Amino acid sequence: MNRPSISLRLTLWFTAVFLCGFVILSVAMWVGWSYTLSSGRDRTITRRATRAFEVLANNVNLPQATVALRYDEFVDSTPEGNLIEISDALGSVLFPRNGAAPRDFPWPTPATSPADTFENRTYKGREYRIIQHPVEFNGERLIVLVAGQLEDNRQMLARFTKGLIETIPVLLIATALAGYFMSRRVLRPVGRLTGAVRSLTIGNLAERLPTSQTGDELQRLAETCNDMLARLESAVTQIKRFTADASHELRSPLSFISMVSECALRNPAYPLECREVFEEILAESKEAAHLLEDMLTLARADAGNVDIPFEPTDLVHVVQDAVERARIPAEAKRHILKLQCIGGPFEVRGDRASLRRLVWTLLDNAIKYTPEGGRVDVSLERSPTHVRVAVRDAGVGIPPELLPRVFERFFRADPARSQNGTGLGLAIAKWIANVHQAEISVESQLGVGSAFTVAFPAQSSGSLKVRML
Ligand code: ADP
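For clarity, every value in this text was computed on a predicted model and none was experimentally measured. What you see as residue numbers is a count from 1 along each chain, following the sequence as written. In keeping with the predicted nature of the model, local features appear solely for residues at pLDDT of at least 70, side-chain atom pairs appear and are counted solely at 80 or more, and the whole-chain, interface and lining totals rest on all residues. To get the side-chain values, all heavy atoms of the structure are used, and hydrogens and water are removed first.

A. Fine view of the side chain of Ser-258. Helix and strand definitions follow DSSP, with helices as H or I runs of at least four residues and strands as E runs of at least two, each counted in order from the N terminus. By the element assignment, Ser-258 lies in helix α4 (residues 217–266). Note on contacts: a residue pair is in contact if any heavy atoms of the two residues lie within 4.5 Å. When residues no more than four places from it in sequence are discounted, the contact partners of Ser-258 are Leu-282, Ser-285 and Lys-286.

B. Molecular detail of helix α5 (residues 272–303). For α5, which comprises 32 residues, the first-to-last C-alpha distance of 46 Å matches the rise-based estimate of 46 Å (1.5 Å per residue) to within 8%. For α5, every residue scored as buried is listed here: Phe-278, Leu-282, Ser-285, Leu-292, Asp-294, Leu-296, Thr-297, Leu-298, Ala-299, Ala-301 and Asp-302. Of the residues one or two after α5, Gly-304 is the one with positive phi, at around 75°. Here a helix's expected span is defined as the number of its residues, less one, multiplied by 1.5 Å. Using a 1.4 Å probe on the protein chains alone, a residue whose accessible area is under 20% of its type maximum counts as buried, one over 50% counts as exposed, and one in between counts as partly exposed.

C. Highlighting the packing of aromatic side chains. Stacked, tilted and edge-to-face are the three classes applied to pairs of Phe, Tyr and Trp rings, where Trp contributes its six-membered ring and a pair requires centres within 6.5 Å; stacked means planes under 30 degrees apart, edge-to-face means over 60, and tilted covers the rest. With the rule as written, the count across this model stands at twelve aromatic pairs. With 6.4 Å between their ring centres and 85° between their planes, Phe-53 and Phe-137 make a pair best called edge-to-face. In this pair, Phe-53 is assigned in helix α1 (residues 6–58) and Phe-137 in strand β4 (residues 126–137), connecting sequence segments 84 residues apart. Neither residue differs from the other here; Phe-53 and Phe-137 are each classed as buried. In this structure an aromatic cluster arises from ring pairing among Phe-105, Trp-107, Tyr-123 and Tyr-128. Comment: the charge-over-ring label is applied if NZ (Lys) or CZ (Arg) is within 6 Å of the ring centre and within 35 degrees of the ring normal. The side chain of Arg-325 reaches across the aromatic face of Trp-360, ending 4.0 Å from its centre. The lysine or arginine in question, Lys-430, covers the ring of Phe-407, its NZ or CZ lying 5.7 Å from the ring centre.

D. Spotlight on the nonpolar core. What we call a nonpolar core is a set of buried Ala, Val, Leu, Ile, Met, Phe, Trp, Tyr and Cys residues that are connected through their side-chain atoms within 4.5 Å. Within the largest apolar cluster, 51 residues are counted, with the highest numbers of intra-cluster contacts made by Leu-315, Leu-363 and Phe-456. Excluding anything up to four places from it in sequence, Leu-363 contacts Ala-322, Val-323, Ala-326, Leu-337, Val-376, Val-378 and Val-391. Among the nonpolar cores identified, the runner-up in size contains 20 residues, and Phe-53, Tyr-71, Val-75 and Ile-86 belong to it.

E. Focus on the pattern of salt bridges. By definition, a salt bridge exists where a carboxyl oxygen of Asp or Glu is found within 4 Å of a side-chain nitrogen of Lys or Arg. Following the criterion strictly, the structure yields 16 salt bridges and no others. The salt bridge partner of Asp-294 is Arg-357, with a shortest N-O separation of 2.3 Å. Residue Asp-294 is located in helix α5, and its partner Arg-357 is located in helix α7 (residues 352–368); the two are separated by 63 residues in the primary sequence. For Asp-294, a relative accessible area of 2% puts it in the buried group. Using a relative accessible area of 29% as the deciding quantity, one classes Arg-357 as partly exposed. Residues Glu-408 and Arg-405 are paired through a salt bridge, measuring 3.1 Å at the closest nitrogen-oxygen approach. Overall, Glu-408 belongs to the partly exposed group, its relative accessible area being 35%. We classify Arg-405 as partly exposed; its relative accessible area is 37%.

F. Broad picture of the confidence of the model for the protein. pLDDT expresses how confident the predictor is about each individual residue, on a scale running from 0 to 100. Taken residue by residue, the protein gives an average pLDDT of 89. The fraction at 70 or more is 96%. Scored below 50 in pLDDT, residues 460–469 makes 43 contacts in the model with residues more than four places away or belonging to other chains.

G. Structural detail: the pairing of strand β3 (residues 117–123). As defined by bridge partners, β3 adjoins β4 across seven bridges and the pair is classed as antiparallel. Bridge pairing in β4 places Thr-122 opposite Glu-127. The turn joining β3 and β4, which pair antiparallel and follow one another in sequence, is formed by two residues; a positive phi near 50° is taken by Lys-124. Whether two strands pair depends on DSSP finding at least two bridges between them.

H. Spatial organisation of the site of the ligand. Close to the ligand lie 21 residues; Asn-365, Tyr-369, Asp-393, Thr-422 and Leu-426 are nearest. Pairs of N or O atoms are called polar contacts if they sit within 3.5 Å, as long as, within protein, a hydrogen donor faces a hydrogen acceptor (for residues adjacent in sequence, only side-chain-to-side-chain pairs). Between the ligand and the protein, one listed contact pairs an oxygen atom with a backbone N or O atom of Thr-422 at 2.9 Å. Take Gly-423: an N or O atom from its main chain is 3.1 Å from an oxygen atom of the ligand. Elements that contribute at least two residues to the shell around the ligand include exactly α7, α8 (425–435) and β13 (449–457). Any residue with a non-hydrogen atom lying within 4 Å of a molecule or strand is treated as near it.

I. View of a negative patch on the surface. Excluding any residue in a salt bridge, patches collect residues exceeding 30% relative accessible area, merging like charges within 9 Å and nonpolar Val, Leu, Ile, Met, Phe, Trp and Tyr side chains within 5 Å. Each accessible area is a Shrake-Rupley estimate made with a 1.4 Å probe; only the visible protein chains count as cover when residues are assessed. We score Asp and Glu as negative and Lys and Arg as positive, and we do not count His or the chain ends. Charge positions are represented by NZ for Lys, CZ for Arg, CG for Asp and CD for Glu. A contiguous patch of negative charge, built from Glu-273, Glu-276, Glu-279, Glu-280, Glu-284 and Glu-287, is present on the exposed surface. Among the structural elements, Glu-279 can be located in helix α5. For Glu-279, a relative accessible area of 47% puts it in the partly exposed group.

J. Spotlight on the environment of Ala-28. Following the sequence through the fold, Ala-28 ends up in helix α1. Ala-28 sits 184 residues away from Ser-212 along the chain, and the two C-alpha atoms are 44 Å apart.

K. Structural detail: the environment of Ala-413. Positionally, Ala-413 belongs in the loop between β11 (386–393) and α8. What makes Ala-413 partly exposed here is its relative accessible area of 39%.

L. Molecular detail of the sheet that holds strand β5 (residues 140–149). Pairing is antiparallel in the open sheet, where five strands are placed in the order β2-β1-β5-β4-β3. Of all the strands in the sheet, just β2 (93–95) and β3 have a single pairing partner and so form its edges. When the angles between neighbouring strand axes are averaged without regard to direction, this sheet yields 35°. Where strand β1 (residues 84–88) meets β5, five bridges bridge the pair, whose relative direction is antiparallel. Bridge pairing in β5 links Ile-84 to Val-146. To obtain an axis, a line is fitted to C-alpha atoms, over the contacting stretch when the element is a helix, and the angle between two such axes runs from 0 to 180 degrees between their N-to-C directions.

M. Spatial organisation of the environment of Thr-44. Following the sequence through the fold, Thr-44 ends up in helix α1. The sequence separation of Thr-44 and Gly-148 amounts to 104 residues, and the corresponding C-alpha distance is 8.4 Å.

N. Inspection of the sheet that holds β11 at higher detail. On the basis of which strands lie adjacent, the open sheet formed by five strands has the order β8-β10-β11-β13-β12 and mixed pairing. The sheet terminates laterally at β8 (336–342) and β12 (439–445), the two strands that pair on one side only. Taken pair by pair, the neighbouring strands of this sheet meet at an average axis angle of 10°, ignoring direction. Pairing analysis gives seven bridges linking strand β10 (residues 375–382) to β11, with the strands arranged antiparallel. Across the sheet, residue Leu-380 finds its bridge partner in β11, namely Val-389. Set on the sheet, helix α6 (residues 315–332) makes contact with β8, β10, β11 and β13; between it and β8 the angle comes to about 170°.

Next up, the structure:
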């Protein structure tokens, strides 16, 4: 299974880390807020308890009835005043005189502790915080009881929690977008490197990848790739030089073998069996010489030292020459060979000898790979922008999966059937097309036939020093 792209993974990581941070922060804020609210509530009820006692303390010298009156006024003017009572140590309510809270309000049993005590009680489904504030009044221990609702705190916390939860999807989208754009931005140079590496072929190994002086991993990656390219270039150059040298050095011994075989064949003194062996040696050495010539041509093309003189060339003559030459092998296989010219003129700028070789390669293949009694059609066609040469046959065809490889060196779709080929013909044909700025293409259907087309621009000029592409 394919792993998701780096930019997607970065985005997911970024979003996940941000979300975790947000959740931790939210929990911390929630705990802090909840603590602030509950300690605020405790402070409020403590303050009320203190003020309730102050009413008694400030009026200590007044008659009991007046004190009770003052206390009632205080209760009326205080929020949740009905939840403030002062009782003696046994729990009997002293102020207000008739008690303010509902009779069934769950006041706690009087505490004996000298310090304030707090506890929570539920009354009619609501929660209350209750303080017992012990005081000394007229030498007697009294307890100020104050209750305060916790409902407001609950609601505030609920609103706060709701706000946090509602923020999560918005934050999630915002961080995912930010993470995606950041990762795209960071990975943009990687995309450029990938494009540059993809455009490298054996023909442009001398090129180097762009390096930015950022001192980061990408600079090191580009530099490492460039080092590797330098090593590859040097290895490929050595191989090419070796191929060229070997092809060149093998020419003389091969022509010597051919010459000796020809001389031997001319000598009537040799018996028939010997003559057959010499004929075989001659045929094989000619085949090997042909292969060497092809390899040498490509090696020179790779080295960039083939000088092709461009001149105005009429493709009609080139194609006619090749067709005439092909008549003998075509007749030997009882093929119908037809040439058709549509429109004109067919003049292009190029090298007549190379172009003849190009057309001949296509024709030779068409004849070779068409079973006896078949048909080969050559056409020459002119459009406003191009001059096209097409060679169509009704031969064996090429399997679709092998079609993109037919112009590779030493490629043979079926080596058993292509015994008398070198596998270099189409590679050279492509090179010749390239140096003439022409495009060579192939269409084929297995068992039906193939069509090779070379499209020349209507004009091409100059004498080019050419290198294999
Ligand atoms: P070869 O010397 O083997 O013909 P080429 O480079 O000319 O080498 O062709 C490469 C391979 O492409 C051939 O071996 C053959 O398998 C296939 N091929 C080329 N032309 C044709 C064609 N007209 N019909 C079928 N196969 C072809």
